[in-house]
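A structural walkthrough
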4 protein chains.
Amino acid sequence: MGRPRYQRRKEDRPQEIAEAAFAAFAEKGFTATKVEDVARRAGVSKGLLYLYFKTKEELFKAVIRGVVTPRVDELTRTLDDSELSAEAFIRGPLLTFLKRLPGSPASVVIRLMISEAPKHPDLVDYYWENVASRGLGALRQLLERGVANGEFRESAVNELPQLFIAPVMMSIVWGIVFADRSLDTDKLIETHVDMILAYIRA
Amino acid sequence: MGRPRYQRRKEDRPQEIAEAAFAAFAEKGFTATKVEDVARRAGVSKGLLYLYFKTKEELFKAVIRGVVTPRVDELTRTLDDSELSAEAFIRGPLLTFLKRLPGSPASVVIRLMISEAPKHPDLVDYYWENVASRGLGALRQLLERGVANGEFRESAVNELPQLFIAPVMMSIVWGIVFADRSLDTDKLIETHVDMILAYIRA
Amino acid sequence: MGRPRYQRRKEDRPQEIAEAAFAAFAEKGFTATKVEDVARRAGVSKGLLYLYFKTKEELFKAVIRGVVTPRVDELTRTLDDSELSAEAFIRGPLLTFLKRLPGSPASVVIRLMISEAPKHPDLVDYYWENVASRGLGALRQLLERGVANGEFRESAVNELPQLFIAPVMMSIVWGIVFADRSLDTDKLIETHVDMILAYIRA
Amino acid sequence: MGRPRYQRRKEDRPQEIAEAAFAAFAEKGFTATKVEDVARRAGVSKGLLYLYFKTKEELFKAVIRGVVTPRVDELTRTLDDSELSAEAFIRGPLLTFLKRLPGSPASVVIRLMISEAPKHPDLVDYYWENVASRGLGALRQLLERGVANGEFRESAVNELPQLFIAPVMMSIVWGIVFADRSLDTDKLIETHVDMILAYIRA
DNA sequence: AATGAATGAGTATTCATTCAT
DNA sequence: CATGAATGAATACTCATTCAT
């Protein structure tokens, strides 16, 4: 009450609010989350929230961007840096990355995108440009590298990098809908990657 | 104006209303759909809607059931009837069935389930019992038949029939989020099935 | 269902509906009673009810009149017929009559009048003319007879026949509000009458 | 128009709203009063009303409590303080108190209790504990004091303190139903008290 | 005469947003 | 900057009443 936590500076405020909002959206979804709850969670008044975010929608978009951008940067950085063979990269860093997704904030973002996409076309645009097309592009590049150095044969998989994502999406959706009815997510993804590699190996 | 204000059509009403509701939910989701809109779409007054469905939630559940039940019945009937080898069945009727899903009402149901699951646990239960577990059970049976008559080797796929569904889910989610940014859904599913068969063939 | 009960004749219908309405009003009050419930209770369709009573209000008024009229007639007849001395009459038939009121339909009518009076001035007029003023007039007459033949002294009671009714009203209101928290109604009324007689005896 | 649309007055609001609500309930009863009307009367928006009272029912209960509590406190205080003989007390402060009731807010509360009792059992409980049983208890005590110091004889009145209230209730009900058809309330109550005293004097 | 399907005005309640302080 | 009191548009649901059959 009396003491501000962490000697708060005004620069942190938007970030703090966005985090609170993310947590709230993760729990209840966008529509069901009340602006007041977000403010309370952030330890801030409603008025102040509106000082930084013009509307609830603005807040939503900011939150999505805030979560998504660093994550995609991480992915592309990983891909760029790698010195491994394509297969070794897929079995190593990529597999690790994919297996992490279902339990990560990314899964929350996907849930939010699925629920809200129809009402937020500009958010979809943003997501497309900054996440989907970049991610798929990176995957495509990886596959092409594999073909170029004789590891992989040409195949339809080259044009459908979504195939890599499919079991991740399956796991995420399963988690959203069936929460408690457990599915061995790791095994699903591993088997899937194994299968792809068997299929495209030269 | 042109039409009579009063139109007795007791038998058809529930069905008509449910169809209008399905269309509305498909467009805007459950929460964003106003009961009044559903009524208008059905060419009916709000009051009449409430005569047949006690609450908006009841209506929702009825709609889901109405879409889901016949579809699942179709699936299990298809599986039961078949005289084909497991692989022939997968490449034939099953592939056809899977390829149809992304453009079908099923995809709407899945979107609704994803958005509303957290608020409708009983609906999830219903969906689990009548769709998910039955569908997965049928797939598992099919794979076991393949193993039994020497077509398939024992493998992880047997325990993860979700792998069959993954590209369908991917396609559906893609369609929800990216609507217009086309994805060759058929090819995705075909390639995926091809890949699975190559993987599990004895 | 198939057989009409009691070989119903159309002449009885309004009466039957009114009785059903009275029962419903007694249970839930006027506002809380749905026209549909009345119709169901009467074993009749809503449409037919509206054939006999133009509005719910009409029905209400008819019901009040139907209950009230015969009861008042009984009272005035009792008073007119009597050959007894005033005190004997009071201790006998009148006391009996008063003690019966709290458990009788009259008490329902009073509850309804209290709740609905502000919205039904014409009903109040009817009630005043046919019940209150006639009843009070009869009581006044009785008291005057007692004075005339030397039983009672002149006193304020003559001008306030409401004093006779007071404990009855008290009992009725108590019953409405406290239903289960019992009050010995009979004793209350007896004591009260005893007290009055002691007070006015010459 | 003239007044500012915004008027911060946190402390007073609940009180102001409760008063407006009391006035509205007094005029039209609970059910017939629209929340919007209460808000308008209080010069406040619907939303603000709901900030202070969670539901219309809550508001109702708060109003009843607000009116009832001070009045009962006044009564019990009066009784406790008195140094008078029982009869002097009855003819003095008690008579004054009783004569005031029919024109006071208490009468509104009683009307509301009569109309709403069946739907608000918890309100009845509250009323019983805080008004009825306390009031009757005080009266009983007073009568016992009179008996103890030889002023009064033992009589049924001791167990039926409701007898004191009867003409007050009669007056209140008369006022509710017949509003304009005047009744000399004061005289009714005075005569009644006179009568009781004559009856129980030792 | 009799039915009950159909209507739609009416009402409690919620919540994003504003603005006096 | 910061607050949270205040606003009011939006929405699910009810029920007296009508009218095609």
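Residues numbered from 1 in each chain as written. Chains lettered and ligands numbered in written order. Predicted model: local features only at pLDDT ≥ 70, side-chain atom pairs only at ≥ 80, totals over all residues. Heavy atoms only, no water.

Next up on the list: the overall build of chain A. For chain A, the count of helices and strands is 9 helices and 0 strands. The order of helices and strands in chain A, counted from the N terminus, is α-α-α-α-α-α-α-α-α. Dimensions of chain A along its principal axes, counting C-alpha atoms only, are 65 × 35 × 35 Å. Counting only residues that meet the buried cut, chain A has 50% of its 202 residues in that class. Excluding contacts between residues fewer than 6 apart, the proportion of contacts in chain A whose partners are at least 24 apart in sequence is 69%. Accessible area of chain A: about 9900 Å², with a carbon and sulfur share of 51%. The averaged location of the 28 negative side-chain charges in chain A is 8 Å from the averaged location of its 29 positive side-chain charges. (Helix = DSSP H or I, 4+ residues; strand = E, 2+ residues; numbered from the N terminus. Buried < 20%, exposed > 50% of the residue type's maximum accessible area, 1.4 Å probe, protein only. Contact = heavy atoms within 4.5 Å. Areas by Shrake-Rupley, 256 points an atom, 1.4 Å probe, with all protein chains shown as cover. Lys, Arg positive; Asp, Glu negative; His and termini not counted. Charge placed at Lys NZ, Arg CZ, Asp CG, Glu CD.)

Here the focus is helix α1 (residues 13–28) of chain B. Residue and element names in this part refer to chain B. Taking 1.5 Å of rise per residue, the 16 residues of α1 would be expected to cover 22 Å, and the 22 Å separating its terminal C-alpha atoms lies within 8% of that figure. Buried within α1 we find Arg13, Ile17, Ala18, Ala20, Ala21, Phe22, Ala24 and Phe25. In this structure, the buried residues of α1 make contact with α2 (35–42), α3 (46–52), α4 (56–81) and α6 (105–116). Of the residues flanking the end of α1, it is Gly29, one or two places downstream, whose phi is positive at about 85 degrees. (Expected span 1.5 Å × (residues − 1).)

This model, assessed by the stated rule, comprises 28 aromatic pairs over all chains. Ring centres of Trp128 of chain A and Trp174 of chain B lie 5.7 Å apart, and the angle between their planes is 85 degrees; on these two criteria the pair is classed as edge-to-face. With Trp128 of chain A in helix α7 (residues 121–148) and Trp174 of chain B in helix α9 (residues 162–178), this residue pair bridges two chains. Residues Phe25 of chain D and Phe30 of chain D carry aromatic rings whose centres are separated by 5.5 Å and whose planes lie at 55 degrees to one another, so their mutual orientation is tilted. On the basis of relative accessibility, which here comes to 8%, the residue Phe30 of chain D falls in the buried class. Put simply, the rings of Tyr127 and Trp128 of chain A together with Trp174 and Phe178 of chain B touch in pairs and so form one group of aromatic residues. Above the ring of Tyr199 of chain C, the side-chain terminus of Arg153 of chain C is found at 5.0 Å from the ring centroid. In this structure, Arg65 of chain D is placed above the aromatic ring of Tyr126 of chain D, and the distance from its NZ or CZ to the ring centre is 5.1 Å. (Phe/Tyr/Trp six-rings, centres within 6.5 Å; stacked < 30°, edge-to-face > 60°. Lys NZ or Arg CZ within 6 Å of the ring centre and 35° of its normal.)

Each partner contributes residues to the interface: chain C has 41 residues there, and chain D has 42 residues. The largest contributions to the chain C side of the interface with chain D come from Ile114, Met195 and Tyr199 of chain C, which together make up 16% of the buried area. Between the two partners, chain C and chain D, sit 3 salt bridges. In this structure, the salt-bridge partner of Asp125 of chain C is Arg181 of chain D, at a minimum N-O distance of 3.3 Å. Seen at the junction of chain C and chain D, the total is 5 residue pairs in polar contact (both at pLDDT 80 or more). (Buried area = accessible area lost by both parts, 1.4 Å probe. Salt bridge = Lys/Arg side-chain N within 4 Å of Asp/Glu carboxyl O. Polar contact = N/O pair within 3.5 Å; in protein donor to acceptor, adjacent residues only side chain to side chain.)

With that settled, the discussion passes to the interface of chain A and chain B. The interface of chain A with chain B comprises 41 residues on the first partner and 42 residues on the second. Taken together, the two surfaces of chain A and chain B that pack against each other cover about 3800 Å², and 80% of this comes from carbon and sulfur. When the area that chain A buries against chain B is broken down by residue, the three leading residues are Ile114, Met195 and Tyr199 of chain A, summing to 16%. Connecting chain A to chain B are 3 salt bridges. The partner of Glu159 of chain A in a salt bridge is Lys187 of chain B, and the shortest N-O contact between them spans 3.1 Å. Viewed at the interface, chain B and chain A are joined by 5 residue pairs in polar contact (both at pLDDT 80 or more). Counting residues per element, the ones that place at least two in the side of chain A that touches chain B are α6 (105–116), α7, α8 (162–178) and α9 (185–200) of chain A. Class assignment of the residues belonging to the side of chain A that touches chain B gives a composition of 29 nonpolar, 5 polar and 7 charged. (Nonpolar A, V, L, I, M, F, W, Y, C, P; charged D, E, K, R; others polar.)

The subject of this paragraph is the relation of the copies chain A and chain B. Mapping chain A onto chain B is achieved by rotating through 178 degrees and translating by 0.0 Å along the same axis, at an RMSD of 0.4 Å. Between the two chains, the operation in question is that of a two-fold axis. In this assembly, 95% of the residues forming the interface of chain A have copies in chain B that are likewise at the interface, indicating an isologous arrangement. (Least-squares fit on C-alpha atoms with pLDDT ≥ 70 in both.)

Secondary-structure assignment places Ser171 of chain B in helix α9. In this structure, Ser171 of chain B is in contact with Pro102, Leu183, Thr185, Leu188 and Ile189 of chain B, ignoring residues within four places of it in sequence.

On to the relation of the copies chain C and chain D. Of the two same-sequence chains, chain C is brought onto chain D (RMSD 0.4 Å, axial shift 0.0 Å) by a rotation of 179 degrees. Mapped onto chain D, 95% of the interface residues of chain C are again interface residues, and the two copies thus contact each other with one and the same surface.

This paragraph deals with the nonpolar core. The biggest cluster of nonpolar side chains holds 151 residues, and the ones touching the most others in it are Leu59, Leu98 and Phe164 of chain C together with Leu59 and Val177 of chain D. With 13 residues, the top contributor of residues to this core is helix α9 (residues 162–178) of chain C. With near-sequence residues (within four places) excluded, Leu59 of chain C lies in contact with Ile17, Ala21, Phe25, Val38, Leu49 and Phe53 of chain C. Grouped together as the second largest cluster of nonpolar side chains are 150 residues, Leu101 and Ile189 of chain A together with Ile17 and Ile110 of chain B included. (Core = buried A, V, L, I, M, F, W, Y, C linked by side-chain atoms within 4.5 Å.)

Attention shifts here to the arrangement of the chains. In this view chain A stays clear of chain C, with the nearest C-alpha atoms of the two still 34 Å from each other. Left apart from each other, chain A and chain D have a closest C-alpha approach of 13 Å.

On inspection of all chains with the given rule, the structure shows 48 salt bridges over all chains. A salt bridge links Asp73 of chain C to Arg134 of chain C; the shortest N-O distance between them is 3.1 Å. Here Asp73 of chain C is found in helix α4 (residues 56–81), whereas its partner Arg134 of chain C is found in helix α7 (residues 121–148), with 61 residues between them in sequence. Under the relative-accessibility criterion, Arg134 of chain C is labelled partly exposed at 30%. Of the charged contacts, one joins Arg91 of chain D and Glu87 of chain D as a salt bridge, the two residues approaching to 3.2 Å between their closest N and O atoms. Taken together, the positions of Arg91 of chain D and Glu87 of chain D, both in helix α5 (residues 86–100) and 4 residues apart, correspond to about one turn of that helix. Residue classification places Glu87 of chain D among the buried residues on the basis of a relative accessible area of 17%. Several salt bridges share partner residues, and in doing so they unite Glu87, Arg91, Asp194 and Arg201 of chain A into one network.

Residue and element names in this part refer to chain A. Per the domain assignment, the segments making up chain A are domain 1 (5–54) and domain 2 (68–200). Distance between the C-alpha centres of domain 1 and domain 2: 30 Å. Counting residues at the interface gives 8 residues for domain 1, matched by 8 residues for domain 2. For the domain 1 and domain 2 pair, buried surface summed over both sides reaches about 550 Å², with 66% attributable to carbon and sulfur atoms. Counting across the domain 1 and domain 2 interface gives 0 salt bridges. Across the contact surface, domain 1 and domain 2 share 2 residue pairs in polar contact (both at pLDDT 80 or more). Here the side of domain 1 that touches domain 2 is built from residues that sort into 4 nonpolar, 2 polar and 2 charged. (Domains from an automatic or database assignment.)

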